[in-house]
Amino acid sequence: MASIRQNPAARPWPNFRNLGVMLRVLLGANLLALAAALVASEELVDWLPRYFVWAMWVQPLLFFNLAVLAAVAPLLRRLSFAVATVVMLALAAGSAALWQDFWRFMAYADGDAGHVARSALLAAALAGALLFYFVLRARAFPPALAEARLQALTARIRPHFLFNSLNAVLSLIRSEPRRAETALEELAELMRALLRDARELRPLADEIALCRQYLDLEKLRLGERLRVEWDVAAVPADLRVPPLMLQPLVENAVYHGIEPLAVPGTLRIRFSRHGDELAIELFNPLLGGSTGGGEHHSGSRMALANIRERLALHYDLEARLDAGEHVAADGTREYRVRIVLPCRQ
């Protein structure tokens, strides 16, 4: 088994195309501007007005620099740490000097060259402070730590999946031994898939195939009580996702939504593409609706918390997971889990 790859802090700068990185830069820069306005104000009442004046100057610079850094992100990753740092500091200083000079030309700012130089130095200092933050963050959360966390989170899912699948097979051993034998063969195939490296993204098509195999096992146990509707027309053929992202959610939907019902229930799995994002939605019936059903204890929500954390480790703030009650088009109550992923190759 491959060891966890160490990635030394030779490239600690962030991916400027990541939404989480952009938000951290915007928040960090504005907090520093807020603190600077507080220090520069003689009276406390002047603090916020001064900050708003500075913010009018800072925000366009931030958006411009983020746009440029996002555009040249692949080039930055090919440069050495020192060269990339100089490039980023020079970009901040140069853009600030040009912006200050533009304001001076429009007669909205002081006209001497000293103010232009001071603006460039302040912008470079701000950029240096933010880069220093990302360097510290990279050292505090190295890739090895994230990968170890991913392994631990995935390991918590696997036994739960195995025990539920074995229970489905055990229910058939005496009544339908041939079907139980087939189910064990399918379970062996599933276990081989589960033993793959949890740190690597895998094709979404493989995740869908894994869910289909699991649902085939559950149909052996539940029979006609379990109905499944797939809508996979919008699935990108080459999109890669974290392993075991869908199967625990499907398992939860069967266990908490289908199994307690006294009548057949439908599990719906839908994929939809919206620009550069892929939405994955799972719907299962809720007890107390028109279908009725028996008692069943509520879930611990461990799977939701687990997958939400793994999405954060892989995608930062670019992916999200929401879950809650949903009313279907026919008025019936459902439980919906919705995952939004970036369509990243």
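Throughout what follows, the structure given in this document is the object of discussion. These figures come from a predicted structure and were not determined experimentally. (Residues numbered from 1 in each chain as written. Predicted model: local features only at pLDDT ≥ 70, side-chain atom pairs only at ≥ 80, totals over all residues. Heavy atoms only, no water.)

Time to look at the packing of aromatic side chains. Where two aromatic rings form a pair, the distance of their centres and the angle of their planes describe that pair. Per the stated rule, a full pass over the model turns up two aromatic pairs. Taking the centre distance of 5.6 Å and the plane angle of 55 degrees together, the rings of Y51 and F52 count as tilted. Given the relative accessible area of 13%, Y51 is considered buried. (Phe/Tyr/Trp six-rings, centres within 6.5 Å; stacked < 30°, edge-to-face > 60°. Buried < 20%, exposed > 50% of the residue type's maximum accessible area, 1.4 Å probe, protein only.)

Take the environment of S165 next. Inspection of the secondary structure assignment puts S165 in helix α6 (residues 143–170). For S165, a relative accessible area of 1% puts it in the buried group. Considering only alpha carbons, one finds S165 and L187, 22 residues apart in sequence, at a separation of 7.2 Å. For S165, the residues in contact, after removing those within four places along its chain, are L187, Y214 and L217. (Helix = DSSP H or I, 4+ residues; strand = E, 2+ residues; numbered from the N terminus. Contact = heavy atoms within 4.5 Å.)

Below, the discussion takes up the sheet that holds strand β7 (residues 333–342). By definition, the strands of a sheet pair up through backbone hydrogen bonds, in either a parallel or an antiparallel sense. Taken in spatial order, the five strands line up as β2-β4-β5-β7-β6 in an open sheet, and their pairing is mixed. Whereas interior strands pair on both sides, the edge strands pair on one side only; in this sheet they are β2 (226–231) and β6 (320–327). Strand-to-strand twist across the sheet, computed as the mean angle between neighbouring axes with direction ignored, equals 15 degrees. As paired strands, strand β5 (residues 277–285) and β7 are joined by nine bridges and run antiparallel to one another. Each bridged residue has a counterpart across the sheet, and for E277 the counterpart in β7 is P342. Packed on one face of the sheet, helix α8 (residues 204–222) meets β2, β4 (265–274) and β5 and runs near 165 degrees to β2. Each of β2, β4, β5 and β7 touches helix α9 (residues 247–258); the most contacted strand, β4, lies at about 145 degrees to it. (Pairing = 2+ DSSP bridges. Axes fitted to C-alpha atoms, helices over the stretch in contact; angles between N-to-C directions.)

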